[in-house]
Every structure is written in C-alpha cells, then in structure tokens.
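If you want the building blocks of each chain, they are given just below.
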Amino acid sequence: GFDVSMVLLDVPDSLVVTDQSTDAVNIRVKGSRAALRSLSVSDIAYVVDLSGAKAGVTEHEVDAESVKLPRGAEIVSRSPSSIEFAREPRGTKAVKVRADLAGEPAPGFVVSAVEVEPLRVRITGARREVLRLSEVVTETIDVAGADESLEREVRPLLAGPHVRFEEESPIKVRIEVVPLELKGTEAAEGGTG
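Residues numbered from 1 in each chain as written. Predicted model: local features only at pLDDT ≥ 70, side-chain atom pairs only at ≥ 80, totals over all residues. Heavy atoms only, no water.

A. Layout of the side chain of T18. Within the secondary structure layout, T18 lies in strand β2 (residues 15-20). Residue T18 is classed as buried on the basis of its relative accessible area, which comes to 13%. Among residues more than four places away in sequence, those in contact with T18 are A86, R87, E88, A126 and H162. (Helix = DSSP H or I, 4+ residues; strand = E, 2+ residues; numbered from the N terminus. Buried < 20%, exposed > 50% of the residue type's maximum accessible area, 1.4 Å probe, protein only. Contact = heavy atoms within 4.5 Å.)

B. Representation of a negative patch on the surface in the model. Residues E115, E117, E151 and E153 make up a contiguous surface patch of negative charge. Note that E115 resides in strand β8 (residues 109-117). Here E115 falls in the partly exposed class, since its relative accessible area comes to 46%. (Patch = residues over 30% accessible without salt bridge, like charges linked within 9 Å, V, L, I, M, F, W, Y side chains within 5 Å. Areas by Shrake-Rupley, 256 points an atom, 1.4 Å probe, with all protein chains shown as cover. Salt bridge = Lys/Arg side-chain N within 4 Å of Asp/Glu carboxyl O. Lys, Arg positive; Asp, Glu negative; His and termini not counted. Charge placed at Lys NZ, Arg CZ, Asp CG, Glu CD.)

C. Region of the structure containing the nonpolar core. V97, V121, I123, V136, I171, V173 and I175 are the most contacted members of the largest nonpolar core, which totals 20 residues. Listing elements by their share of this core, those giving two or more residues are β7 (82-102), β9 (120-126), β10 (135-142), β11 (150-154), β13 (163-165) and β14 (171-179). Broken down by element, the residue count for this core peaks at 4 residues, all from β14. Core analysis: the second largest hydrophobic core is formed by 19 residues, V17, V29, Y46 and A53 among them. (Core = buried A, V, L, I, M, F, W, Y, C linked by side-chain atoms within 4.5 Å.)

D. Up close: the environment of V29. Mapping V29 onto the fold places it in strand β3 (residues 24-31). For V29, the contacting residues outside a window of four places in its chain are F2, L36, L39, L69, A73, E74, I75 and V76.

E. View of the pairing of β14. Note: β8 against β14, 8 bridges, orientation antiparallel. Residue V111 lies in a different strand from β14, and its bridge partner there is V177. (Pairing = 2+ DSSP bridges.)

F. Focus on the pattern of salt bridges. For the structure shown, the criterion picks out 5 salt bridges. Between R98 and E135 there is a salt bridge, with its nearest N and O atoms 2.8 Å apart. One end of the pair, R98, is in strand β7; the other, E135, is in strand β10, and 37 residues separate them in sequence. One salt bridge connects E139 with R155, and the closest N-O pair in it is separated by 3.1 Å. Of this pair, E139 sits in strand β10 while R155 sits in the loop between β11 and β12 (156-157), and the two are 16 residues apart along the sequence. Assessed through its relative accessible area of 24%, E139 is described here as partly exposed.

G. Quick look at a nonpolar patch on the surface. On the surface, V7, L9 and V47 cluster together into a nonpolar patch covering about 200 Å² of accessible area. Tracing the sequence through the fold places V7 in strand β1 (residues 2-9). Owing to a relative accessible area of 33%, V7 belongs among the partly exposed residues under this scheme.

H. Expanded view of unusual backbone geometry. For the peptide bond that leads from S79 to P80, omega is 0 degrees, which places it in the cis range. Inspection of the secondary structure puts P80 in the loop between β6 (73-79) and β7. Cis rather than trans, the peptide bond between E117 and P118 has omega equal to 0 degrees. Within the element layout of this structure, P118 appears in the loop between β8 and β9. One non-glycine residue, D10, adopts positive backbone phi at about 55 degrees. Of note, D10 is situated in the loop between β1 and β2. With relative accessibility at 52%, the residue D10 sits in the exposed group.

Below, the structure written as structure tokens:
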C-alpha cells in the first residue's frame, strides 16, 4: 500500500480551492517483485484536472488508472473512492500594513513614530477571506531596551489559510525611539503653534 500525493491541475484563475476531503489517495499495488522494487512513491502522483471547474462543492471519482505505475505493477484497490473539492471565487484587494511591536524601549525612552514602507500590499485568495481583511501585520519587532531609532526589514504575515500576497516582498519598518523629555518638548512646541 502507498499514500500517493494529489496534484491539482488547471485550477481556473478565477477560483481558489478552499477545501478537499483528502490530500492523498491510498493505493494497493500488486505486481512482480522487480516492478514493486522499482516503484518509488515520490515518483507517482494522483493528478486531478480541475479545468472548467466552477465555484461550489463537487465530488470526483478516484480514477486509479490515472496513476502511472511501472510495467508489471497494477492497482488492486484505492481509498477513498471519491474526493470532494470546495472552490470559491477569487478576490483581490490592497490592505494596510501594520508593524507589530513588542517590548518597551530603555527607561527614559519612548517610541515616537513608526513608518512602514510600503503602506499597503495587495492580497489575493478566497474572496470571502480577502473581504474580511482590512490590514496585515508584520513579523514581531522587539523594541525592548532600545535607546535609539531602529530600522528593520520584516515579512508581512497572512491572516487566512486561503489568502496569499500578490508579490512576496519585505516590508521596511522605521521605528523612531526618542528620550522621553524630547517627546514632551515636541508636544509642547506643537501646542503653541
């Protein structure tokens, strides 16, 4: 018996597969000793063609004949006999990026400003999940004990299992750390203008 991984082909660009009842198909194979010895599970896959698919849930019969085996080997059983796929329409939008900070600066210092570049990133995926998101956060940046401004390059983190970034690019975060009395002076100057 072998667990054969599943490969989805030709999923329409307008759809996202959000669920499937299994990630692998278990097959039982019989054949000559030589054929079975040459059989490597990493060389075989169960291919499912989803071209022409529409949004919704469908059931696909598992066709064991589509698994290519070496000569002298044949499939005697497969499990499961069918696989369910759920597909949703794809959505895309730009969302705000928020830097996730942790810790406190050194005593007598405060974070006075946080600049993020780019300010927004484009996400794509299952429309329902995309529409729910208004922002993404970055990897956590530790400012504990900081007594000067910091600049970090971090990755944005996704908040949904069926959402991805249109472009994978790092986020630059500049964190301004100033002495506490300087922050108070700036506020006083701003109040008199």
